[in-house]
Each structure stands twice: as C-alpha cells, then as structure tokens.
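As a plain string of letters, each chain reads:
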Amino acid sequence: MAKREDILKAAAKIVSHVGIGQVTLEQVAEEADISKGGLLYHFPSKQALLEGMVHYVFKRSNESIAAYENENDFSLSYVLSTLNDIDQGDDISTMDKSAIVAIADDRELLASMQQQYTEWMRRLREENTEEAAVIIRLITSGLWFENLFEIHPAGNEDREHVLNVVKELMERGS
C-alpha cells in the first residue's frame, strides 16, 4: 500500500504544479521514483490514477473520523477530523486540492464525493436534528474549503468557537 500512496502523493504534487490537463503518467512515475510500468501496475490509466486520488482523500478522512470515534460520537469526530486535516498542512492539502481539481475536471468523479457526503449526512442526522446536522456539515465544509484554498486559515480562536458551536448544537439536538 505504501507504493500506491507514494504514487498518489506524486500525482497530487504534479497536478498542483501543472494542472490536470498537463499531467502525464511519465511525470508521475518520475516524481514517484518508479518505472512507468510499475505505475501502470497500480494505476492502469490516468483516469484510474485520478479516481485513486479522490478515493484516497475520502479513505483518509474516514480513517481520521474513525480514530476520533473511539472517544466521541460521530458528529464531534467529524468536526475534530476536519480540524485535524487543517492542521496537517502541505501533504494533505496538496492531495485534497488535487482531488478537487480532478473532480472539477471530470464530473463522473463528482459521484464519489456526493456519495461520501450523503453518508456523512446520514450519520450526522442519526445523532442530531436536521437543522444541527446541516449546520455541522456546512461549518466543517466551509472550514475545509477555506483552508484548502487559503481563503481564511482557521486559527485557534476560530477552532474553539467552532467546537463550542457544534457541541451546543449537538446538545440541543439530543
């Protein structure tokens, strides 16, 4: 799995520098320090590579949420995971940006994102009122996108405020 992850990180780096349309498998293979044949073993096409990036972003997000669920319910874990992503910096941010660029370029990849958000909303609705579930999703999505595109980096003050608002919403929704 480490080699696949190395390839995906290399692809994200290339996408961030040249854009989706200019990415070649040769560039990715060179960046990942692997032969083109080795890359094709893991990802038989550029499309498969882009799909892999999108799936990796959501897999990583779900793993992060699950790690917080050992001590929290899903809603708080979802928020804490988002805040953790923001703290992680360049590797995660580059991968997330590249996945979003891939989704914007290929609308078929949007289905993966829609399915994942539908599942997260289902879980938020299980623990909260409809209003609280929607607000929690919009807050976390807003923070994630703002950070991703460096619109307004979330500082500790924002983070504490967000956590307090979400906890209050969850208490009201219980």
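Residues numbered from 1 in each chain as written. Predicted model: local features only at pLDDT ≥ 70, side-chain atom pairs only at ≥ 80, totals over all residues. Heavy atoms only, no water.

**Student:** Whenever I open this one, the packing of aromatic side chains confuses me. Can you help?
**Tutor:** What characterises a pair of aromatic rings is the spacing of the ring centres plus the angle enclosed by the ring planes. Taken as a whole and judged by the stated rule, the model has five aromatic pairs. Ring geometry for Phe74 against Tyr78: centres 5.7 Å apart, planes inclined by 25 degrees, an arrangement best described as stacked. Taken together, the residues Phe74 and Tyr78, both in helix H5 (residues 74-88) and four residues apart, mark about one turn of the helix. Side by side, Phe74 and Tyr78 carry an identical accessibility label, which is buried. Taken together, the ring pairs in this structure connect Phe58, Phe74, Tyr78, Tyr117 and Trp120 into an aromatic cluster. (Phe/Tyr/Trp six-rings, centres within 6.5 Å; stacked < 30°, edge-to-face > 60°. Helix = DSSP H or I, 4+ residues; strand = E, 2+ residues; numbered from the N terminus. Buried < 20%, exposed > 50% of the residue type's maximum accessible area, 1.4 Å probe, protein only.)

**Student:** Would you explain the packing of helix H1 (residues 2-18) against helix H4 (residues 46-69) in this entry?
**Tutor:** For any two helices packed against each other, one specifies the crossing angle of their axes together with the interaxial distance. In the contact formed by H1 and H4, the axes pass within 10 Å of each other and the chain directions differ by 105 degrees. Classified by the angle between their axes, H1 and H4 sit roughly perpendicular to one another. Contacts from Glu5, Ile7, Leu8, Lys9, Ala11, Ala12 and Val15 of H1 reach H4 at Leu49, Gly52, Met53 and Tyr56. Looking at the contact of H1 with H4 residue by residue, the class counts come to eight nonpolar, one polar and two charged. (Axes fitted to C-alpha atoms, helices over the stretch in contact; angles between N-to-C directions. Parallel < 35°, antiparallel > 145°, perpendicular 65-115°, else oblique. Contact = heavy atoms within 4.5 Å. Nonpolar A, V, L, I, M, F, W, Y, C, P; charged D, E, K, R; others polar.)

**Student:** I'm lost on the side chain of Asn128 in this one. Help?
**Tutor:** Residue position: Asn128 is located in the loop between helix H7 (107-127) and helix H8 (130-148). Take Asn128: its relative accessible area is 8%, and that puts it in the buried class. Here Ser75 takes part through its side chain, which lies 2.7 Å from a polar atom of the side chain of Asn128. Of the polar contacts made by the side chain of Asn128, one reaches the backbone oxygen of Leu124; its length is 2.8 Å. (Polar contact = N/O pair within 3.5 Å; in protein donor to acceptor, adjacent residues only side chain to side chain.)

**Student:** What is the right way to look at the packing of H7 against H8 in this model?
**Tutor:** The N-to-C vectors of H7 and H8 enclose an angle of 135 degrees; their axes lie 9 Å apart at closest approach. One finds that H7 runs oblique with respect to H8. In this structure, H7 crosses over H8, and the sense of that crossing is right-handed. From H7, Met113, Tyr117, Met121, Leu124 and Arg125 reach across to H8, where they touch Glu130, Ala133, Val134, Ile136, Arg137, Ser141, Trp144 and Phe145. The class makeup of the residues in the contact of H7 with H8 is nine nonpolar, one polar and three charged. (Left-handed = near helix turned anticlockwise from the far one by under 90°.)

**Student:** Could you clarify how one ought to interpret the nonpolar core in this entry?
**Tutor:** Burial of nonpolar side chains together is a common tendency in soluble globular proteins. In terms of nonpolar packing, the biggest core is built from 55 residues, with Ile7, Val28, Leu49, Met53, Tyr78, Met113 and Ile136 touching the most fellow members. Breaking this core down by element, the ones donating at least two residues are H1, helix H2 (25-32), H4, H5, helix H6 (90-105), H7, H8 and helix H9 (156-173). The greatest single-element share of this core, amounting to nine residues, is contributed by H4. (Core = buried A, V, L, I, M, F, W, Y, C linked by side-chain atoms within 4.5 Å.)

**Student:** Would you take a moment to explain the side chain of Thr140 for this structure?
**Tutor:** Along the polypeptide, Thr140 turns up in helix H8. Residue Thr140 is classed as buried on the basis of its relative accessible area, which comes to 2%. Here the side chain of Thr140 touches Ile136 through a polar contact of 3.0 Å, landing on its backbone oxygen. Each residue touching Thr140, except ones within four places of it in the same chain, is listed here: Tyr78, Val79 and Thr82.

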